[in-house]
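# Coordinate analysis (summary)
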Amino acid sequence: MNQNADTGAAGQQWSLAPSDTGYYKIKNKSDTTKLLEVYQNSTADGANVDIWSDTGVNGQQWTLVKEGIQ
């Protein structure tokens, strides 16, 4: 995934959708069948993030954490 300047395009906009597991899916506004996914379900620092179809893998499950609290 590349980091680009904010153009306001729908492909740069995201929404949160609750999943059945209690986590969230991060859906792309331009194509709601595409989700934000950590490549190969990695938990390593600096892991790549990509956009992929909804496959239900752990790398597509997200939780929100209040800043400064872990």
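Residues numbered from 1 in each chain as written. Predicted model: local features only at pLDDT ≥ 70, side-chain atom pairs only at ≥ 80, totals over all residues. Heavy atoms only, no water.

Averaged over every residue, the pLDDT of the protein is 90; the share at 70 or more is 94%. Taken element by element, the protein is modelled with least confidence in strand E4 (residues 49-53), mean pLDDT 93, and with most confidence in strand E2 (residues 24-28), mean pLDDT 96. (pLDDT = per-residue confidence, 0-100. Helix = DSSP H or I, 4+ residues; strand = E, 2+ residues; numbered from the N terminus.)

This part covers the side chain of Gln-61. Among the structural elements, Gln-61 can be located in the segment after E4. On the basis of relative accessible area, Gln-61 is assigned to the buried category, the value being 18%. A distance of 2.8 Å separates a polar atom in the side chain of Gln-61 from a polar atom in the side chain of Ser-19. Leaving out residues up to four positions away in the same chain, Gln-61 has contacts with Ser-19, Thr-21, Tyr-23, Tyr-24, Lys-25 and Gly-56. (Buried < 20%, exposed > 50% of the residue type's maximum accessible area, 1.4 Å probe, protein only. Polar contact = N/O pair within 3.5 Å; in protein donor to acceptor, adjacent residues only side chain to side chain. Contact = heavy atoms within 4.5 Å.)

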